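So you can see what is in the structure, the chains are spelled out below.
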Amino acid sequence: MTEEERRRAFADAFIRQARSDRNVHRLLLASKDVEACHALHYLQMTCEKLAKAYRLRDTKAPVDDLVRSHAGFAKFVGAYMTVTLKRQLPSNQLAALIRAARKLAREIEKLAPAIDRDVSPVNAEYPWEVDDQVMTPCSYSFPSLELLRQSGGRAFLKLIDAALADFERVTVV
Amino acid sequence: MERDKAEAARELANWHYGVEPDLTQVIRIITDNEDDPGEPIKLLEVNAATFATGSVEPYAFAASASTPFPTVIAEVTPEEFARIEAKEIELPEGWSLTDAHRFPRPHAA
């Protein structure tokens with residue numbers, strides 16, 4: 001494969017996997033007796049792969065760097081919303097929407113266990129230690145990510161689904 | 001059970017009015033099987049601070065400690081809601097504005 005073919009192949013694979021992850025997230029979010037950490041784990045994976053798909057296809061950043069890195073969804077959110085909503089919304093309203101979405105996006109980025117565990121130990125997969133206590137994801141309520149009740153929570157889910165659906169027709173640079 | 005579900009729906013509507021300053025309407029959709037134990041609370045929310053998609057997408061949430069009933073919420077812009085009322089945009093299957101209950105924004109204390 002050429003590097004461009006490799007870039008395109010990874011981009012297509014990441015969007016396919018992101019869509020599959022979102023389907024599982026949807027099921028877990030609506031399932032009774034499933035701890036919040038599991039739905040959030042799939043939400044974090046959806047968002048990470050979604051951002052990678054667009055960045056792989058729409059930027060010239062090194063493929064291996066993008067494939068292996070964890071961060072980037074909060075940055076993607078602002079770029080995507082600007083491209084897709086700037087004609088629909090006045091600039092001050094768009095700016096407010098982007099701020100709200102980025103706030104949740106940053107919280108979701110922090111759920112990945114590889115992200116800065118010394119500063120943000122709370123994650124959706126592995127136990128962590130705080131104040132001489134060992135915490136378990138399945139026993140933690142993740143209050144800042146209760147999307148049913150958080151400001152902008154429902155709009156955030158709309159945003160993810162729109163970005164997943166738009167991949168074939170929207171370029172984000 | 002029905003009274004508790006109605007109270008949970010009211011509480012959630014009021015909570016959303018509190019955290020979404022541009023929320024203009026919260027409408028509870030009532031269906032024929034509303035008394036079935038598994039039938040979720042269904043809310044259509046009109047929010048001037050969301051973005052339009054041209055369709056009504058419901059998002060399902062399992063019961064939780066804060067809202068002890070499964071809940072389905074769809075969020076639309078005021079312009080989309082006007083198009084829903086004009087029957088230009090369809091509601092999710094089984095949803096109707098007939099017999100719907102509208103929660104007014106609580107007055108500030």
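This text gives an overview of the structure that appears in the document. Because the structure is predicted, anything quoted here is derived from the model rather than measured.

### Points about helix α1 (residues 3–30) of chain A
If you check α1(A), its first and last C-alpha atoms are 41 Å apart, about what 28 residues at 1.5 Å a residue would give, namely 40 Å. If you check which residues of α1(A) are buried, you get A:R7, A:A11, A:F14, A:I15, A:A18, A:D21, A:R22, A:H25, A:L28 and A:L29. In this fold, the buried residues of α1(A) make contact with α2 (36–58), α3 (63–68) and α6 (153–166) of chain A together with β3 (59–61) of chain B.

### Quick word on the nonpolar core
By size, the foremost hydrophobic cluster in this structure holds 64 residues, and its most contacted members are A:L50, A:F73, A:F76, A:Y80, A:M81 and A:F156. It is α2(A) that contributes the most residues to this core, 10 residues altogether. If sequence neighbours within four positions are ignored, A:M81 has contacts with A:K86, A:L94, A:L97, A:I98, A:A101 and A:L159. Counting 13 residues, the second-largest nonpolar core is a separate cluster that includes B:L44, B:V46, B:A74 and B:F81.

### Re the interface of chain A and chain B
In this complex, chain A contributes 25 residues to the contact, which on the side of chain B involves 23 residues. A buried area of about 2100 Å², summed over both sides, lies between chain A and chain B, and 56% of it is on carbon and sulfur atoms. Area buried by chain A at its contact with chain B is led by A:L148, A:R149 and A:K158, which between them contribute 40% of it. At the boundary of chain A and chain B, one finds two salt bridges. Between A:R154 and B:E20 there is a salt bridge, with the nearest N and O atoms lying 2.8 Å from each other. Taken together, the connections running from chain A to chain B amount to 15 residue pairs in polar contact (both at pLDDT 80 or more). Of the residues forming the side of chain A that touches chain B, the biggest block, eight residues, is contributed by α6(A). Among the residues forming the side of chain A that touches chain B, the class breakdown is 11 nonpolar, seven polar and seven charged.

Calculation notes
- Residues numbered from 1 in each chain as written.
- Chains lettered and ligands numbered in written order.
- Predicted model: local features only at pLDDT ≥ 70, side-chain atom pairs only at ≥ 80, totals over all residues.
- Heavy atoms only, no water.
- Helix = DSSP H or I, 4+ residues; strand = E, 2+ residues; numbered from the N terminus.
- Expected span 1.5 Å × (residues − 1).
- Buried < 20%, exposed > 50% of the residue type's maximum accessible area, 1.4 Å probe, protein only.
- Contact = heavy atoms within 4.5 Å.
- Core = buried A, V, L, I, M, F, W, Y, C linked by side-chain atoms within 4.5 Å.
- Buried area = accessible area lost by both parts, 1.4 Å probe.
- Salt bridge = Lys/Arg side-chain N within 4 Å of Asp/Glu carboxyl O.
- Polar contact = N/O pair within 3.5 Å; in protein donor to acceptor, adjacent residues only side chain to side chain.
- Nonpolar A, V, L, I, M, F, W, Y, C, P; charged D, E, K, R; others polar.

Purely geometric stuff here, so don't read any function into it on its own.
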